[in-house]
Amino acid sequence: MYAERLMRLLVGLMLLGALPAWAGLNIQHWVTSQGARVYFVENHDLPMLDVSVDFDAGSARDSREKSGLASLTRHVMTLGAGSYSEKDIAERMADVGAGFSGRFDADRAGFQLRTLSGEAERDQALDVMAAVLSAPRFEPDIVAREKARVIAALQEAATKPETIGTKAFSVAIYGDHPYALPEGGEPETVAGLAAEDMRAFYATHYRAKAMVLAIMGDVSRPDAERLAERLASGLPPGDAPVPIPSVSARATGSERVIPHPATQSHLFMGMPGMTREDPDYFPLYVGNYVLGGGGFDSRLMEEVRQKKGLAYSVYSYFAPMREAGPFQIGLQTRRGTTDEAVRTTREVLARYLREGPAEAELAQARNNLVGGFPLRLDSNKKILEYLAVIGFYRLPLDWLDTYTARVEAVTREDILRAFGSRVRPESLSTVVVGGQLASGKE
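These figures come from a predicted structure and were not determined experimentally.

What counts and what doesn't
Residues numbered from 1 in each chain as written. Predicted model: local features only at pLDDT ≥ 70, side-chain atom pairs only at ≥ 80, totals over all residues. Heavy atoms only, no water. Buried < 20%, exposed > 50% of the residue type's maximum accessible area, 1.4 Å probe, protein only. Helix = DSSP H or I, 4+ residues; strand = E, 2+ residues; numbered from the N terminus. Arc of directions from axis to C-beta. Contact = heavy atoms within 4.5 Å. Pairing = 2+ DSSP bridges. Axes fitted to C-alpha atoms, helices over the stretch in contact; angles between N-to-C directions. Nonpolar A, V, L, I, M, F, W, Y, C, P; charged D, E, K, R; others polar. Phe/Tyr/Trp six-rings, centres within 6.5 Å; stacked < 30°, edge-to-face > 60°. Lys NZ or Arg CZ within 6 Å of the ring centre and 35° of its normal. Polar contact = N/O pair within 3.5 Å; in protein donor to acceptor, adjacent residues only side chain to side chain.

A.B. asks: Lay out helix 16 (residues 412-422) with the relevant residues and their values.
C.D. replies: Taken together, the buried positions of helix 16 are occupied by Ile 415, Ala 418, Phe 419 and Arg 422. Buried positions in helix 16, seen along its axis, are confined to an arc of 95° and lie on one side of it. For helix 16, the elements touching its buried residues are strand 8 (264-274), helix 10 (281-293), strand 9 (314-318), helix 12 (338-355) and helix 13 (359-372).

Written as structure tokens, this is what we have:
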């Protein structure tokens, strides 16, 4: 039976490239008896089931004194739960060919399961997932081992300019807001964590009403409902999470240069940008494609790389989050061209804020974004990711259905207005790791 299902899966994967683009996804939504929100798309093309579970338990829920607690809690949950040891969890997933992974950022702490959809394989994998969600052990010896591993990784990362710059940039634009905390914590704060801290964090933040399930694949609606109840039933309902503080952009940005022996300077420039529910999401998204999100189509790439040869790559992006996520421009350049690269980047941005995109640039951006959209939905896993985002951030269920129309509706005036209200040159903060600016600031 297992071999038959595996063969069906392999055949299905070979045929997947011939499947038509997804259109008009029927996203079904309900709330379990415990209060967990569920988002489900039924699809029987492949004998597979994908499930993701997210909690409002990202690093924004950490304190400065215990930074890293949220990340370590999520990780250690998967290393022993209920009647399953760490080895049992790995072996029972492997026995049925299931994949069990996680994700973590400032907003979300989550788990993803991919399993064959046959009842035996599915049930075995879901048993383990349910135990991880409802009965993590937090065994002291495993906590000590993982702390040592995390501390070693943090210490190694702390020597790299990318890590140094990312941390300094987050502090520069977020100050005392929890978004400034490093997701993995600091070596000294992780060293101070104990199993009791993780149990307390788990008890506070892993509640059914803070839980979002996304289910995608070869299962019927009644089976999906039973599956969701099974995963949520081991958790107390709890209360809805307390909102994290709102983000306020600083009136005046900052400039900081951090010495580093790297042969190239690493530039980080930006400020808080937009939330997931921002009404100007699409003007900012399309407009950023022209500025620095469109690779060789972008203004920054044209000026910084093509015309002046200052960097191999330069980019800009908005990272929408629960509260205003960062708007960031980044590049690497030779130490001797740091000042010119920073000046050129600022000039390109200032001109874009004054003039906006040309009609030809805007048409190209809309065409590329709309044309590439089917590739964003060409697998169950990609659809699952969208379901999880729609559910966690409470976006409209037709968000995917209206995507192309909203991209096509963006005008130059929309972009000028949206960028003008979100990106203010005087509020931009700049961090350079490894170089020195003409201003001599360090």
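Resuming the write-up.
A.B. asks: How would you sum up the side chain of Gln 124? Please name residues and give values.
C.D. replies: By the secondary structure assignment, Gln 124 is in helix 4 (residues 119-134). The exposure class assigned to Gln 124 is buried, which follows from its relative accessible area of 18%. The contact partners of Gln 124, leaving out residues within four places of it in the chain, are Arg 92, Asp 95 and Val 96.

A.B. asks: Pulling in residues and values, what's your account of the sheet that holds strand 1 (residues 28-31)?
C.D. replies: Taken in spatial order, the six strands line up as 1-2-6-3-5-4 in an open sheet, and their pairing is mixed. The sheet terminates laterally at strand 1 and strand 4 (99-104), the two strands that pair on one side only. Between one strand and the next, the sheet's axes are offset by a mean angle of 15°, whatever the strand orientation. As judged from the seven bridges shared by strand 3 (residues 48-55) and strand 6 (residues 211-217), these two strands associate in the antiparallel manner. Bridge pairing in strand 6 links Val 51 to Ile 215. Set on the sheet, helix 9 (residues 221-232) makes contact with strand 1, strand 2 (37-42), strand 3 and strand 6; between it and strand 6 the angle comes to about 145°.

A.B. asks: Which residues make up the packing of helix 4 against helix 9, and what values go with them?
C.D. replies: Between helix 4 and helix 9, whose axes approach to 9 Å, the crossing angle comes to 35°. Residues Arg 122, Asp 123, Leu 126, Asp 127, Met 129, Ala 130 and Leu 133 of helix 4 pack against Asp 223, Leu 227, Arg 230 and Leu 231 of helix 9. Here the residues of the contact of helix 4 with helix 9 sort into six nonpolar, no polar and five charged.

A.B. asks: I'd love a proper account of the sheet that holds strand 9, names of residues and values included.
C.D. replies: Strands belonging to one sheet form pairs held by backbone hydrogen bonds; the direction of such a pair is parallel or antiparallel. Sheet architecture is open: five strands sit in the order 7-11-8-10-9, paired in mixed fashion. The sheet is open, and its two edges are formed by strand 7 (255-258) and strand 9, each paired on a single side. For this sheet, the mean inter-axis angle between neighbouring strands, taken without regard to orientation, is 15°. Judged from the ten bridges that link them, strand 8 and strand 10 (residues 325-334) form a sheet pairing that is antiparallel. Within the sheet, the bridge partner assigned to Gly 270 lies in strand 10 and is Gln 328. On top of the sheet, helix 6 (residues 161-174) reaches strand 7, strand 8, strand 10 and strand 11 (429-433); it is set at about 35° to strand 8, its chief contact.

A.B. asks: How would you sum up the packing of aromatic side chains? Please name residues and give values.
C.D. replies: The full count for this structure, using the stated rule, is 21 aromatic pairs. With 5.8 Å between their ring centres and 75° between their planes, Tyr 281 and Trp 399 make a pair best called edge-to-face. Remark: Trp 399 occurs in the loop between helix 14 (380-392) and helix 15 (403-408) and Tyr 281 occurs in helix 10; sequence separation between them is 118 residues. In this structure Tyr 281 comes out as buried when scored by relative accessible area, which is 11%. Taking the relative accessible area as the measure of exposure, Trp 399 reaches 8% and is therefore buried. Through a chain of ring-to-ring contacts, three or more aromatic side chains come together here, namely Tyr 281, Phe 282, Tyr 285, Phe 373, Tyr 386, Trp 399 and Tyr 403. Between the NZ or CZ atom of Arg 108 and the centre of the ring of Phe 392, over which it lies, the distance is 5.8 Å. A cation sits over an aromatic face here: Arg 305 above Tyr 312, 4.7 Å from the ring centre.

A.B. asks: So what about the environment of Arg 250? Which residues, and what values?
C.D. replies: With respect to the helices, strands and loops of the structure, Arg 250 is situated in the loop between helix 9 and strand 7. Accessibility expressed as a relative area gives 38% for Arg 250, which makes it partly exposed. Counting along the chain gives 85 residues from Arg 250 to Arg 335, while the straight-line C-alpha distance between them is 29 Å. Once residues within four sequence positions are removed from consideration, Arg 250 is found in contact with Val 171, Ala 172, Gly 175 and Ser 427. A polar side-chain atom of Arg 250 sits 3.3 Å from the main-chain carbonyl oxygen of Ala 172.

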